[in-house]
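Observations on the model geometry
One letter stands for each residue in the lines below.
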Amino acid sequence: AMEHKDAGNALFKQQKWAEACDAYSRGLASDDLPADTRGLLLSNRSQCRLNLEQWGEALEDTDACLRLLPEHTKSLYRRAVAQ
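Structural notes, computed from the coordinates.

Thresholds, definitions, all that
Residues numbered from 1 in each chain as written. Predicted model: local features only at pLDDT ≥ 70, side-chain atom pairs only at ≥ 80, totals over all residues. Heavy atoms only, no water. Disulfide = S-S within 2.5 Å. Buried < 20%, exposed > 50% of the residue type's maximum accessible area, 1.4 Å probe, protein only. Axes fitted to C-alpha atoms, helices over the stretch in contact; angles between N-to-C directions. Helix = DSSP H or I, 4+ residues; strand = E, 2+ residues; numbered from the N terminus. Parallel < 35°, antiparallel > 145°, perpendicular 65-115°, else oblique. Contact = heavy atoms within 4.5 Å. Nonpolar A, V, L, I, M, F, W, Y, C, P; charged D, E, K, R; others polar. Expected span 1.5 Å × (residues − 1). Arc of directions from axis to C-beta.

Here we take up the state of the cysteines. Applying the stated criterion to the full structure yields 0 disulfides. No disulfide involves Cys65; its nearest neighbouring cysteine sulfur is the one of Cys48, lying 13 Å away. With a relative accessible area of 0%, Cys65 lands in the buried category.

Across the interface, helix H1 (residues 2–13) lies against helix H2 (residues 17–28) with an axial gap of 8 Å and an inter-helix angle of 170°. By the criterion of interaxial angle, the relationship of H1 to H2 is roughly antiparallel. In this structure, H1 uses His4, Lys5, Ala7, Gly8, Asn9, Leu11 and Phe12 to contact H2, whose residues at the interface are Trp17, Glu19, Ala20, Ala23, Tyr24, Arg26 and Gly27. Of the residues contributing to the contact of H1 with H2, the split by class is 7 nonpolar, 4 polar and 3 charged.

Turning our attention to H2. Taking 1.5 Å per residue as the helical rise, H2 with its 12 residues ought to reach 16 Å, and the 16 Å between its terminal C-alpha atoms agrees with that figure. Of the positions making up H2, those classed as buried are Ala20, Cys21, Ala23, Tyr24, Gly27 and Leu28. One face of H2 carries all of its buried residues, which in axial projection span an arc of 160°. For H2, the secondary structure elements touched by its buried residues are H1 and helix H3 (35–51).

To continue, consider the environment of Ala64. Mapped onto the fold, Ala64 is located in helix H4 (residues 55–68). Relative accessible area serves as the criterion here: at 19%, Ala64 is assigned to the buried category.

This paragraph deals with unusual backbone geometry. Phi at Gln15 is positive, roughly 60°, even though this residue is not glycine. Looking at where Gln15 falls in the secondary structure, it is placed in the loop between H1 and H2. In this structure Gln15 comes out as exposed when scored by relative accessible area, which is 58%. Its identity is not glycine, yet Glu53 carries a phi of approximately 60°, on the positive side.

We now examine the environment of Gly39. Mapped onto the secondary structure, Gly39 falls in helix H3. Note: C-alpha distance between Gly39 and Arg67 (28 residues apart in sequence) is 8.4 Å. What Gly39 contacts, discounting residues up to four positions off in sequence, is Cys65, Leu68 and Leu69.

As structure tokens, this is what we get:
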């Protein structure tokens, strides 16, 4: 999962939002992720979806992240933006 997170981060820095979103999704496909890793992948993917103006999907990702990491400030902000 971490290799997908790193790949997503590299693509994100290149402003390749859709490709980064795909990389984060591949990382999320693993069933045995620790909650913090899953939360960060969801948070990162939500930012890609915001950049792609996929508001509903971004909101779903931020809500899922906040169920795992209730104090995650970036996801609280991203949820507000998505709404």
